[in-house]
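# Examination of the molecular architecture
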Amino acid sequence: MASSLVPLVAVLAAAAAASCGVLLLGASAAASRAPAIYLVGDASGWAVPPANATDALNKWAIRHRFHVGDVLAFKYPNNDSVLLVRRGDYDACNAASPVQARSGTAGGGAFVVLLFRLDRPGHFFFISGEPGRCEAGQRMVVHVADSSLGGAPAPAPGGTDDDDEPSRSPSGDRPIPVAFRLFVAAGLGFLGGCFLAGMIIWLTVNCRR
């Protein structure tokens, strides 16, 4: 009877080891995701939207899922600019004290393409620095997912999150990081494989007696 269980136990051990390998490969693939480049506004670029769609840039941002390391490509005429601002300045269209200012004067062509790397999770607030354009809708909020927290969905641009810090879940509702869940699952698979391998050795020894 014991000898008939050996093939079954061997199959189960192999399955456990294979599942462990798949989990580890999945974790490695998630950690090594290649950065993506997004053309802001698609064909319309970084520009004042139509009068009947002043929230077009924010709608564009909501349609995408951004991660740390991704790059925004702003395409705009050389008489425009891109300002990274704080939340209060975004709401008030205040261009007087930006966190970062990028103008389009360099290059001399009709259009400029500015690359902006998203280097942290949380929210980024962009406005045009040219008079009247932010008020006309040339502004955008970009939410960058925190992959360690499972990438919670972004709130609407009218939310009340902090200016420059990543949004956080309340401590009582903080989700378990994806990487930690994968690590635990892989560890359980490894322990299961070791247990089944031990059973194979035990059965093999006892079958020979």
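Scroll up a little and you will see the structure.
Here is what the cut-offs are and how they apply
- Each chain carries its own residue numbering, running from 1 in the written order of its sequence.
- Local features in this predicted model are restricted to residues of pLDDT 70 or higher, and side-chain atom pairs are both shown and tallied only at a pLDDT of 80 or more, whereas totals for entire chains, interfaces and linings draw on every residue.
- Neither water nor hydrogens contribute to the side-chain values; these are computed over all heavy atoms in the structure.
- Put simply, DSSP marks the helices as runs of H or I at least four residues long and the strands as runs of E at least two long, and each gets a number from the N terminus on.
- We call a residue buried when its accessible area falls under 20% of the maximum for its residue type, exposed when it is over 50%, and partly exposed in between, using a 1.4 Å probe and counting protein chains only.
- Contacts are assigned to residue pairs that have any heavy atoms within 4.5 Å of one another.
- For the area figures, the Shrake-Rupley method with a 1.4 Å probe applies, and any residue is considered shielded solely by the protein chains shown.
- At least two bridges found by DSSP between two strands is the condition for calling them paired.
- Helix axes are fitted only over the stretch in contact, all axes being lines through C-alpha atoms; the angle between N-to-C directions runs from 0 to 180 degrees.
- What is meant by a nonpolar core is a set of buried Ala, Val, Leu, Ile, Met, Phe, Trp, Tyr and Cys residues, joined one to another through side-chain atoms within 4.5 Å.
- Any two cysteine sulfur atoms lying within 2.5 Å of each other are counted as a disulfide.
- The rule for a salt bridge is simple: a side-chain nitrogen of Lys or Arg has to be within 4 Å of a carboxyl oxygen of Asp or Glu.

### Some points on the overall build of the chain
Helix and strand counts for the chain come out as 4 helices and 8 strands. Written out in order from the N terminus, the α and β elements of the chain read α-β-α-β-β-β-α-β-β-β-β-α. Residue burial in the chain is summarised as follows: out of 209 residues, 31% are buried. A sequence separation of at least 24 residues applies to 74% of the contacts in the chain between residues at least 6 apart. Total accessible area on the chain stands at roughly 12,000 Å², and carbon and sulfur atoms take up 63% of it.

### Observations regarding the sheet that holds strand β3 (residues 71-77)
Ordered in space as β1-β3-β6, the 3 strands form an open sheet in which the pairing is mixed. The sheet is open, and its two edges are formed by β1 (37-39) and β6 (111-117), each paired on a single side. Averaged over neighbouring strand pairs, the angle between their axes works out to 25° when direction is ignored. Pairing of β1 with β3 involves 3 bridges; the strand directions are parallel. Opposite I37, over in β3, you have V71 as the bridge partner.

### A closer look at the nonpolar core
In terms of nonpolar packing, the biggest core is built from 21 residues, with W46, F66, L72, F74, F126, M140 and V142 touching the most fellow members. Where this core is concerned, the elements lending two or more residues are α2 (56-62), β3, β4 (81-85), β6, β7 (122-127) and β8 (139-145). Ranked by size, the runner-up nonpolar core spans 8 residues in total, among them C93, F125, I127 and C134.

### Overview of the pairing of β3
By the criterion of burial, β3 is predominantly enclosed, with 5 of the 7 residues buried. The pairing of β3 with β6 spans 7 bridges and is antiparallel. Bridge pairing in β6 places K75 opposite V113.

### What about the state of the cysteines?
Counting across every chain of the model gives 1 disulfide. Covalent S-S linkage joins C93 and C134, the inter-sulfur distance amounting to 2.1 Å. The disulfide joining C93 to C134 has a torsion of about -75° about its S-S bond and is therefore left-handed. Taken together, the positions of C93 in the loop between α3 (87-92) and β5 (100-103) and C134 in the loop between β7 and β8 put the pair 41 residues apart, joining distant regions of the chain.

### Side note on the environment of C134
The exposure class assigned to C134 is buried, which follows from its relative accessible area of 2%. Measuring from C-alpha to C-alpha, the distance between C134 and T54 comes to 9.7 Å, with 80 residues separating the pair along the chain.

### Quick word on the side chain of H67
The residue H67 is located in strand β2 (residues 66-67) in this model. Using a relative accessible area of 19% as the deciding quantity, one classes H67 as buried. Other than its neighbours up to four places away in sequence, H67 contacts R33, L118, V144 and A145.

### Considerations on unusual backbone geometry
Look at D42: it is not a glycine, yet its phi comes out positive at around 55°. By secondary structure assignment, the location of D42 is in the loop between β1 and α2. Exposure remark for D42: the relative accessible area of 37% places this residue in the partly exposed category.

### So, the pattern of salt bridges
Taken as a whole and judged by the stated rule, the model has 4 salt bridges. In this structure, the salt-bridge partner of K59 is D55, at a minimum N-O distance of 3.8 Å. By relative accessible area, K59 is classed as partly exposed at 49%. On the basis of relative accessibility, which here comes to 36%, the residue D55 falls in the partly exposed class. A salt bridge links R133 to D80, with the nearest nitrogen and oxygen atoms 2.9 Å apart. Placement of R133 in the loop between β7 and β8 and of D80 in the loop between β3 and β4 is noted, with a sequence separation of 53 residues between them. Among the residues examined, R133 registers a relative accessible area of 23% and is labelled partly exposed. Here D80 falls in the buried class, since its relative accessible area comes to 3%.

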